[in-house]
Amino acid sequence: MNHIVPDSAFLHELADAADQQTLPRFRAQTNLHVGSKPKEGFRFDPVTDADREAERVMRDIITARYPEHAIMGEEFGVTGSGPLQWVLDPVDGTRPFLCGLPVWGTLIGLTVEGRARIGMMNQPFTRERFWADGEQAWHQGPQGTTRLQTRRGIALEQAIFHTTSPEPVSRFPAINFAALEANTLMIRYGGECYAMAMLAAGQIDLCLEYALQPYDIVALVPIIEQAGGVVTTLDGGRPESGGHILASGCPFLHEQALRILNG
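Residues numbered from 1 in each chain as written. Predicted model: local features only at pLDDT ≥ 70, side-chain atom pairs only at ≥ 80, totals over all residues. Heavy atoms only, no water.

An unreviewed UniProt entry lists the protein under the name Histidinol-phosphatase, inositol monophosphatase family, from Kosakonia oryzae. The Sequence similarities (unreviewed entry) comment attached to the protein in UniProt states, word for word, "Belongs to the inositol monophosphatase superfamily." Annotation of the protein in UniProt includes, under Cofactor (unreviewed entry), the sentence "Mg(2+)". (UniProt positions renumbered as here; feature names shortened; annotations may be inferred.)

### Concerning the pairing of strand 7 (residues 115-123)
Strand 7 sits mainly inside the fold: seven of its nine residues count as buried. Relative to strand 7, strand 6 (residues 105-112) runs antiparallel, the two sharing seven bridges. When the bridges of strand 7 are listed, Gly109 appears paired with Gly119. Between strand 6 and strand 7, which pair antiparallel in sequence order, lie two residues; one of them, Glu113, sits at a positive phi of approximately 50°. (Buried < 20%, exposed > 50% of the residue type's maximum accessible area, 1.4 Å probe, protein only. Helix = DSSP H or I, 4+ residues; strand = E, 2+ residues; numbered from the N terminus. Pairing = 2+ DSSP bridges.)

### Description of the UniProt feature "binding site: Mg(2+)" (unreviewed entry) in the protein
Residues annotated by UniProt as "binding site: Mg(2+)" (unreviewed entry) correspond here to Glu74, Asp89, Asp92 and Asp216. For the annotated residues, spread through 143 residues, the largest C-alpha to C-alpha distance comes to 9.3 Å, consistent with a single compact locus. By the secondary structure assignment, Asp89 is in strand 5 (residues 84-92). Asp89 gets classed as buried once you look at its relative accessible area, which sits at 1%. When neighbours within four sequence positions are excluded, Asp89 is seen to be in contact with Glu74, Gly105, Thr106, Leu107, Tyr215 and Asp216. (Contact = heavy atoms within 4.5 Å.)

### Digging into the nonpolar core
Membership of the largest hydrophobic core comes to 34 residues, with the highest contact counts inside it found for Met121, Phe130, Ile217, Leu220 and Ile223. Elements that contribute at least two residues to this core include exactly strand 7, strand 8 (128-132), helix 5 (192-200), strand 13 (206-212), helix 6 (214-217), helix 7 (220-226) and strand 15 (243-248). Among the elements that take part in this core, helix 5 stands out by supplying eight residues, more than any other. Beyond its immediate chain neighbours, meaning those up to four positions away, Leu220 contacts Leu107, Met121, Cys193 and Met196. (Core = buried A, V, L, I, M, F, W, Y, C linked by side-chain atoms within 4.5 Å.)

### Focus: the sheet that holds strand 5
Across the sheet, which stays open at both edges, the eight strands sit in the order 4-3-5-6-7-8-9-10 with mixed pairing between neighbours. Only two strands of the sheet have a single neighbouring strand rather than two, namely strand 4 (77-79) and strand 10 (144-147). In this sheet, neighbouring strand axes are inclined to one another by 15° on average, regardless of whether the strands run parallel or antiparallel. Along the sheet, helix 2 (residues 49-65) makes contact with strand 3 (70-73), strand 4, strand 5 and strand 6, crossing strand 5 at roughly 155°. (Axes fitted to C-alpha atoms, helices over the stretch in contact; angles between N-to-C directions.)

As structure tokens, then:
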């Protein structure tokens with residue numbers, strides 16, 4: 001079935017609206033209400049009014065323009081049904097948001113019959129947007145707009161490896177993290193969704209995340225894939241439902257890393 005997918009201008013429109021809610025609250029503790037949601041394995045899972053209000057305004061725009069589209073968001077769950085579904089994370093990386101670190105982003109993705117088609121990672125403080133239009137991936141920032149391209153042909157021992165936090169490593173001993181770390185050039189932590197964008201930009205080669213939800217990954221999948229990269233679950237399946245996720249700059253590197261992680 002042929003479904004009409006909005007163009008990337010609509011991604012920018014949604015990001016513009018989210019910016020009005022997130023940016024004034026960033027590094028402004030007197031203007032920010034912080035709470036916590038229950039989450040297995042975490043004693044503190046922060047949520048702020050920036051999260052809620054940014055998702056609310058994006059939902060309002062989508063519903064007004066495309067009432068037939070379903071929406072899944074981190075803060076307000078799933079509404080509607082059908083082959084086209086928006087998947088929203090208004091502030092992916094609420095912890096760095098609270099710390100004043102600009103590695104958080106607003107994630108806006110669209111799936112067509114369950115497969116991620118277009119998406120954006122928007123970082124308003126650094127004035128950067130990373131998006132996929134269905135065919136190619138792009139970066140817009142202070143230095144202009146360029147096409148994104150992952151780094152290809154890199155040997156595993158020269159690869160830069162990233163995971164957001166070392167905390168989950170001990171909880172999942174069956175995932176052979178130490179072996180992959182030992183076989184790569186270096187490991188870095190703390191990049192959140194910004195690290196995935198840097199993989200699409202050719203700065204990072206491997207990103208491993210242990211427990212993603214759909215709203216954590218759907219927007220990033222087309223950005224990475226349309227920049228030449230690969231994103232799957234650790235069993236090689238499609239990543240849209242989340243779980244244990246590996247993103248890689250090229251297919252050969254991805255295969256090598258999966259073999260090691262599944263050791």
